[in-house]
Amino acid sequence: MKSGSSSVRDIKIEPMTLKDLDRVLEIESRSYGNPWSRGAFVCELTDNTYAHYYVAKLDDLIVGYVGMWVILEEAHITNIAVDPDYRRMGIGQHMLETMFEKAREFGATRMTLEVRVSNVTAQNLYKKLGFAERGIRKGYYTDTNEDAIIMWKDDLGPQKPEAERIKWMV
Ligand SMILES: CC(C)(COP(=O)(O)OP(=O)(O)OC[C@H]1O[C@@H](n2cnc3c(N)ncnc32)[C@H](O)[C@@H]1OP(=O)(O)O)[C@@H](O)C(=O)NCCC(=O)NCCS
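Note that this is a predicted model, so its numbers are computed, not measured.

1. Looking at the site of the ligand
Argument step 1. Taken together, 21 residues form the shell around the ligand, and within it Arg88, Gly90, Gly92, Asn119 and Lys128 come nearest.
Argument step 2. At 2.7 Å, a backbone N or O of glycine 90 approaches an oxygen atom of the ligand.
Argument step 3. Measuring from a nitrogen atom of the ligand, one finds a side-chain N or O atom of asparagine 124 at 3.2 Å.
Argument step 4. Coverage of the ligand by the protein chains reaches 77% of its 930 Å² of free accessible surface.
Argument step 5. A per-class count over the shell around the ligand returns ten nonpolar, seven polar and four charged.
Argument step 6. For the shell around the ligand, the domains that each give at least three residues are domain 1 (1-107) and domain 2 (110-154).

Right, dumping it as structure tokens:
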């Protein structure tokens, strides 16, 4: 890892706050040709009750982030990115595995996402973690008219007992 002896065990996953957005937007613009705007993140953090966003911190530096919507038993990954300087170190995998756990706590049993046909890197990550291709959304990405592969992971593991879930959902 860039900071010498650090490992993925040193990564802390914390809820994203508005204060994190300068750094999140920096990573977002280095990660995507068509990055989300600040307004899009603000809306997710303040207006969308289904949305759950987290940052991955190494020491105090945000090195990645991930977001999902949880609606009843389905979790939908909406965004995931790792700072290019910290990629290929297990952070993306660690963030997603943490989302499996959190999605279960919120009551989800399965998880879905869309990925660009050309984004083989991300597809490898998702396949490694048990996602399978289930379909194509033609021209889903309006910037380039690229198709999206729809992926699903059917088994997020056992759900928490009802009482535990309710405690997490309040
Ligand atoms: C996709 C992304 C989040 C992966 O994050 P990461 O922290 O670098 O990934 P990890 O180190 O956890 O890698 C886990 C697995 O993903 C796959 N993977 C990651 N980077 C890869 C690469 N450059 N080439 C091929 N496979 C890769 C591998 O299967 C890897 O497992 P392995 O190390 O045992 O081979 C990161 O590349 C990124 O931010 N990309 C830009 C944004 C993006 O495309 N997001 C997804 C939108 S759908």
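Next comes the rest of the description.
2. Brief notes about unusual backbone geometry
Argument step 1. Of note in this structure, leucine 72 is not a glycine but carries a positive phi near 50 degrees.
Argument step 2. In this structure, leucine 72 sits in the loop between β3 (61-71) and β4 (74-82).
Argument step 3. On the basis of relative accessibility, which here comes to 69%, the residue leucine 72 falls in the exposed class.
Argument step 4. Positive phi, normally seen in glycine, also occurs at asparagine 145, with a value near 65 degrees.
Argument step 5. Within the secondary structure, asparagine 145 is located in the loop between β6 (132-141) and β7 (146-153).

So, how was this worked out
- Residues numbered from 1 in each chain as written.
- Predicted model: local features only at pLDDT ≥ 70, side-chain atom pairs only at ≥ 80, totals over all residues.
- Heavy atoms only, no water.
- Near = heavy atom within 4 Å.
- Polar contact = N/O pair within 3.5 Å; in protein donor to acceptor, adjacent residues only side chain to side chain.
- Areas by Shrake-Rupley, 256 points an atom, 1.4 Å probe, with all protein chains shown as cover.
- Nonpolar A, V, L, I, M, F, W, Y, C, P; charged D, E, K, R; others polar.
- Domains from an automatic or database assignment.
- Helix = DSSP H or I, 4+ residues; strand = E, 2+ residues; numbered from the N terminus.
- Buried < 20%, exposed > 50% of the residue type's maximum accessible area, 1.4 Å probe, protein only.

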